[in-house]
There are 2 protein chains.
Amino acid sequence: MPSPIKDIRFTLHDVLNFSDHYAALGLNHQVDADLINMVLDEASRFAQAELEPINAAGDQGCVLADGVVTTPPGFKEAYRKYISTGWAGLCGEAEYGGQALPEAFGFMLEEICCTANMAWTMYPGLSRGCIAALSEHGSAEQKSRFLPRLLTGEWTGTMCLTEPHAGSDVGLARTQASLQADGTYRIAGTKIFISAGEHDMADNIVHLVLARTPDAPGGTRGISMFVVPKINLDGTRNAVKCGNIEEKMGIHGNSTCELLFEDAVGYLVGEENNGMRYMFTMMNAARLAVGLQGVSVAQAAYNRASEYARERLQMRALSGPKAPDKVADPIIWHPDVRRLLLTQRAIIEGGRTLVYYVAQLVERTSHAPDEDSRENAQLQLDFLTPIAKALLTELGFESANLAVQTFGGHGFIREAGVEQYVRDLRITLLYEGTTGIQALDLVGRKMLGNQGAGLQAFGDFMLAVADEAEVEFPDMADKLRGLHEDWARISMEIGGRAMQDPEEVGAASVDYLFYSGYVVLAVFWTKIALAGRQHEHADYGASKVDIARFYFARVLPRTRAHELAMASGAGNLMQVGELAFTA
Amino acid sequence: MPSPIKDIRFTLHDVLNFSDHYAALGLNHQVDADLINMVLDEASRFAQAELEPINAAGDQGCVLADGVVTTPPGFKEAYRKYISTGWAGLCGEAEYGGQALPEAFGFMLEEICCTANMAWTMYPGLSRGCIAALSEHGSAEQKSRFLPRLLTGEWTGTMCLTEPHAGSDVGLARTQASLQADGTYRIAGTKIFISAGEHDMADNIVHLVLARTPDAPGGTRGISMFVVPKINLDGTRNAVKCGNIEEKMGIHGNSTCELLFEDAVGYLVGEENNGMRYMFTMMNAARLAVGLQGVSVAQAAYNRASEYARERLQMRALSGPKAPDKVADPIIWHPDVRRLLLTQRAIIEGGRTLVYYVAQLVERTSHAPDEDSRENAQLQLDFLTPIAKALLTELGFESANLAVQTFGGHGFIREAGVEQYVRDLRITLLYEGTTGIQALDLVGRKMLGNQGAGLQAFGDFMLAVADEAEVEFPDMADKLRGLHEDWARISMEIGGRAMQDPEEVGAASVDYLFYSGYVVLAVFWTKIALAGRQHEHADYGASKVDIARFYFARVLPRTRAHELAMASGAGNLMQVGELAFTA
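Note that the structure is a prediction, hence the values are computed from the model and not measured. (Residues numbered from 1 in each chain as written. Chains lettered and ligands numbered in written order. Predicted model: local features only at pLDDT ≥ 70, side-chain atom pairs only at ≥ 80, totals over all residues.)

A. Geometry of the overall build of chain A. The number of helices and strands found in chain A is 19 helices and nine strands. In terms of C-alpha radius of gyration, chain A reaches 24 Å, essentially the compact-globule figure of 25 Å for 583 residues. In terms of overall dimensions, chain A has C-alpha extents of about 80 × 60 × 60 Å along its principal axes. Taking all 583 residues of chain A together, 62% fall into the buried category. A sequence separation of at least 24 residues applies to 73% of the contacts in chain A between residues at least 6 apart. (Helix = DSSP H or I, 4+ residues; strand = E, 2+ residues; numbered from the N terminus. Rg over C-alpha atoms; globule rule 2.2 N^0.38 Å. Buried ≥ 20, exposed ≤ 12 C-beta atoms within 10 Å, placed from the backbone. Contact = placed C-beta atoms within 7 Å.)

Below you can see the structure in the form of structure tokens.
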């Protein structure tokens, strides 16, 4: 199964014009289209040769014995090759040995590896979050101690937030941190659901842990962040151990650990009680990475479904035989099989474009030469992050399920290799904040919280895309303008209702997120259609226009259902007797 | 986790008034409300005591060694108790030892057992299909040979249709049947995906096998049906063996077998080349049973989610603390968690009402005293069967996923016991005809094929429900009348387009099925609201009205998306370049 290199190139060069983007940021002396293509090709070669072949075996899971976690066959060897090629430091600071490429390169690497093997890709993925948090908030000493080995990949990283009673509500965390005379802290408590929390792939694991000092205020304002290495800097074993690895629905190749901190040595990152803010540095990046997992794994599932649909012979087309020399027609000739496949394409390619547009926003927030552009990018980025996370995981899961559906009964059988993608993807709707949490963030903080500034910033981009499309796709341009108006009106209505009753925010939230998401994908499908029309290979370009038309005709109408559901208000959720919720 | 006995009783007695139904069929001397309640209670006691405790262990799967399949711990013992209580013969002919209860009793038993343990329930479930086909099409000799042991449950049954290259397209089957001088046949070929095809729970297994005689015409017109017992009537082993059991995504407790027929002795059922017609006797019943699986397992998942939502404390309600004495509020106070739970309830209870309405139709087709009523029931039954199968499996799967979502990250962990329901349910969208196959059956055969007679028969019922609701729920009545008109118009439009291009049937099919399904559930939710308003326990009844209002406000609007998608026609699927389907 080849990675969809051609489609990724099309997204980066034709749809989003990364060359112009880097020129505007003054980075074009450092990064150009050739470098992008080289990284895509090399990453794809690595992923095909090393990661995809061990994906199915990874489903057997990790084994914990005597505190040691053994990863599935081949995982360790693939990781050794990954770090020997220097991938771990791709976007890291040059000062600490990184290659200092802009963030979009990290997205490309992540997408290609994740399409080949999601569970494996989470190990280096967690490191990237840890690196980002230390780069931004660590002291000079912490950076020089930890970053060099994290950037070679000799060490990996984790994020330790969740506790048994504190999931979405991180403020309930009880893990204790007590200051010692030498300036270090002793960390005590239990963290659960720690991805890549313990494994046999690296010499050391750098845990970033949220904990509470004895006199910290309650809730999220009393959370501090600590670096807690598995192996102390003097080579002794720190008092953190893996108590259990979870039996899960999928991503069995990644160890999901319960970590017991038993007065482990920890180093405070930044200042006490600022941990939540630092954690959001990682969290926002992680949310985008999870949205990308949705797209990547959906692509892997689609690859198999599209191959199967062209090979499998069942029944004749309703309009007459398409393969008269065979016993039946390939199922790709049946309209509903085409609907299944095109829905997957619409989700994957629209989603990919959203993700790389967001990557450009990330780069603009740090590299754009003028303050206005940085601010505009930050507004759009904040607004689009919960949408990208929740929409692309929900639709990625739908897409993988449609791939299973394309196989008929064979899709349920492990050997076909497609049901694993459904099981692997199921977690993406849950971790790093469920869909419900993303939707609250979107409506509460990112939309109402800043008086619609984020919506307006993206809305301006939307209208610019409509203008671009005016001549070639006037129907799409009209549709975007109409949606722009509706979206603003709906947002105002929710705001108005929320002033009367704060529960209206939660009651509208997930429908608002889906509504917004489908509108956002319509914007990007318009951009894709425009790029398709201009593509040097007419057939390839025309196929993009076809999928865009499919999206507008058969997926975008879902906005209507969400619009009506939102408009119905909080009463049908909150004014409901308790008996409606009993078993 | 109790079975939802109270809700099932409400559906049967209050919403669908089975007593009046049986009186109209002249069966009220034989079956009444007390008998229904007794069967519900006894079945529930059995399922709670014997089936639910072994559901999680069943997930470990079956083991094949030396041709012998060992079922998971406790499966065999539970089956022994099941047959010792006489459940296997509940609806069987009295002449062969059955208790001759009407078909709805089989649905009740199936629902209650399936909520407790879907994989286990499939073993007796397959027997019921085999019993039905032999009862209707077997010779007197075959019936007296096989039915008595099937009705005690000493023997179980299977349906052997699928071959590696023949899934949806049964007409491609190659299994051979050659007539012998003694009137028996020798069956040779390979069947796959045979649920309960081999196991250690019964003394013998009665396979119903589709095969082809040497001079049979091609396709489905050349298919005959044979009874092929695992153990011959003289006690010797017949030449059928289990070559493999499949590794699957779920229902691991049920053995999904590859069966090798190596000149096995078989007995022709009915006449040669009529096998497809006989098989549809089983298939239609099986499709309804699969729709019921969707509802039943969704209920099991909901039971856990609703319990968790009342116990799990995370964050404060937006409108202020609801459990000020606790560290946080139970998540059931968050509007989106309520949306998750109410969506599950709307699917499960609306779906259950549809299923038992269909059970009444089944009973009317055989017991109604007048020809008109029988004919009307048959029209509605034919029309509703693909809807019940596809809609309730698709929505059941959605519902189980929403249950996982209610748990947050914990839902992904096996220990929480909810992700298994998602994996188990995934097969229901595939077997006994995928959603796409059901939709083609609905639009091609059941709607266009009889000039809308089935739609009209159900439409008359729909208008009668609207009339009933006129006084108490005028908004629902209005909505139903509007939908009745739209549904007819949409159906006419598809018919008109199909005359120009037969691919329009397939292009509209799945959206038409979902559209129809949501309308059908609106009809039943109106009936539920009416029954709720009259219920002796006002709080309980009011909760039904609340869920009905939720359904109309937040689920039914999905029809709009499907309506627009259908109206877009076949062009956006068929006039699409091949590159849109490549990997």
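And the narrative resumes.
B. Structural detail: the relation of the copies chain A and chain B. Taken as rigid bodies, chain A and chain B are interconverted by a rotation of 180° and an axial shift of 0.0 Å, the fit giving an RMSD of 0.0 Å. Taken together, the turn and the small shift mark the pair as related by a two-fold rotation axis. Most of the interface of chain A is mirrored in chain B, where 100% of its interface residues are also at the interface. (Least-squares fit on C-alpha atoms with pLDDT ≥ 70 in both.)

C. The nonpolar core, seen in detail. In terms of nonpolar packing, the biggest core is built from 422 residues, with A:Phe226, A:Val358, B:Phe226 and B:Val358 touching the most fellow members. Each residue touching A:Phe226, except ones within four places of it in the same chain, is listed here: A:Ala177, A:Tyr185, A:Ile187, A:Val209, A:Ala211, A:Gly266, A:Tyr267, A:Leu268 and A:Val269. (Core = buried A, V, L, I, M, F, W, Y, C linked by C-beta atoms within 7 Å.)

D. Summary view of the confidence of the model for chain A. On average, chain A scores 97 in pLDDT, and the residues at 70 or more come to 99%. Interface confidence in the predicted complex, given as ipTM, is 0.98; pTM for the same model is 0.98. (pLDDT = per-residue confidence, 0-100.)

E. Geometry of the domain arrangement of chain A. Residues and elements named next belong to chain A. Split by domain assignment, chain A resolves into domain 1 (5-152), domain 2 (156-273) and domain 3 (439-574). Relative placement of domain 1 and domain 2: their C-alpha centres are 24 Å apart. Of the residues lining the interface, 33 residues belong to domain 1; the matching set on domain 2 comes to 26 residues. Elements with a minimum of two residues in the side of domain 1 that touches domain 2: strand S2 (68-70), helix H5 (75-84), helix H7 (118-137) and helix H8 (140-152). (Domains from an automatic or database assignment.)

F. Quick look at the packing of helix H15 (residues 474-500) of chain B against helix H16 (residues 503-533) of chain B. All names here are of chain B. Interaxial distance between H15 and H16 falls to 11 Å at its minimum, and their mutual angle equals 165°. In terms of orientation, H15 lies roughly antiparallel with respect to H16. Judged by the twist between their axes, the crossing of H15 over H16 is left-handed. Taken together, the residues of H16 that come into contact with H15 (itself represented by Met476, Lys479, Leu480, Leu483, Trp487, Ile490, Ile494, Arg497 and Ala498) are Glu504, Val505, Ala508, Tyr512, Tyr515, Ser516, Val519, Ala522, Val523, Thr526 and Ala529. Looking at the contact of H15 with H16, its residues break down into 15 nonpolar, two polar and three charged. (Axes fitted to C-alpha atoms, helices over the stretch in contact; angles between N-to-C directions. Parallel < 35°, antiparallel > 145°, perpendicular 65-115°, else oblique. Left-handed = near helix turned anticlockwise from the far one by under 90°. Nonpolar A, V, L, I, M, F, W, Y, C, P; charged D, E, K, R; others polar.)

G. Spotlight on helix H9 (residues 275-311) of chain B. For H9(B), with 37 residues, the first-to-last C-alpha span of 54 Å sits near the 54 Å given by 1.5 Å per residue. By the largest-angle criterion, B:Thr281 marks the main kink of H9(B), which is about 30°. (Expected span 1.5 Å × (residues − 1). Bend = angle between axes of the 7 residues up to and from the residue.)

H. Layout of the interface of chain A and chain B. Across the boundary between the two partners, chain A contributes 84 residues, which contact 85 residues of chain B. No other element matches the 10 residues that helix H17 (residues 538-555) of chain A contributes to the side of chain A that touches chain B. Of the residues belonging to the side of chain A that touches chain B, the class tally is 41 nonpolar, 22 polar and 21 charged.

I. The pairing of strand S4 (residues 176-179) of chain B, seen in detail. Residues and elements named next belong to chain B. Pairing between S4 and strand S5 (residues 185-195): four bridges, direction antiparallel. Across the sheet, the residue bridging to leucine 179 is tyrosine 185, located in S5. The antiparallel pairing of S4 with S5 creates a hairpin that spans five residues between the two strands, and glycine 183 there sits at a positive phi of about 90°. (Pairing = 2+ DSSP bridges.)

J. Seen up close, the environment of B:Arg549. Its place among the elements puts B:Arg549 in helix H17 (residues 538-555). With 21 C-beta atoms packed within 10 Å, B:Arg549 lands in the buried category.

K. Broad picture of H7(A). Residues and elements named next belong to chain A. Between its first and last C-alpha, H7 extends 28 Å over 20 residues, near the 28 Å set by a 1.5 Å rise per residue. At proline 124, H7 is deflected by roughly 25°, the largest bend along its length. Here H7 lies mainly inside the structure; 18 of its 20 residues are buried.

L. A look at the pairing of strand S6 (residues 204-211) of chain B. All names here are of chain B. Buried residues dominate S6, accounting for seven of its eight residues. Pairing of strand S3 (residues 155-160) with S6 involves six bridges; the strand directions are parallel. Residue tryptophan 155 lies in a different strand from S6, and its bridge partner there is asparagine 204. Two strands pair when backbone bridges link them, and S6 and strand S7 (residues 224-229) are joined in this way by six bridges, in the antiparallel orientation. Residue pairing across strands places histidine 207 opposite valine 228, the latter belonging to S7.

M. Spotlight on the packing of helix H11 (residues 371-406) of chain B against H16(B). All names here are of chain B. Closest axis-to-axis distance for the H11/H16 pair is 10 Å, and the angle between their directions is 95°. On the basis of their axis angle, the class for H11 and H16 is roughly perpendicular. Note on element contacts: H16 touches H11 through Leu513, Phe514, Ser516, Gly517 and Val520, opposite Pro386, Ile387, Ala390 and Leu391. Looking at the contact of H11 with H16 residue by residue, the classes come out as seven nonpolar, two polar and no charged.

N. Spatial organisation of unusual backbone geometry. We note that A:Ala100 has phi near 55°; this positive angle belongs to a residue other than glycine. Looking at where A:Ala100 falls in the secondary structure, it is placed in the loop between H5 and helix H6 (103-116). Among the residues examined, A:Ala100 registers 15 C-beta atoms within 10 Å and is labelled partly exposed. At B:Asp263, a position not held by glycine, the phi torsion is positive, near 60°. Its location among the elements puts B:Asp263 in strand S9 (residues 256-269).

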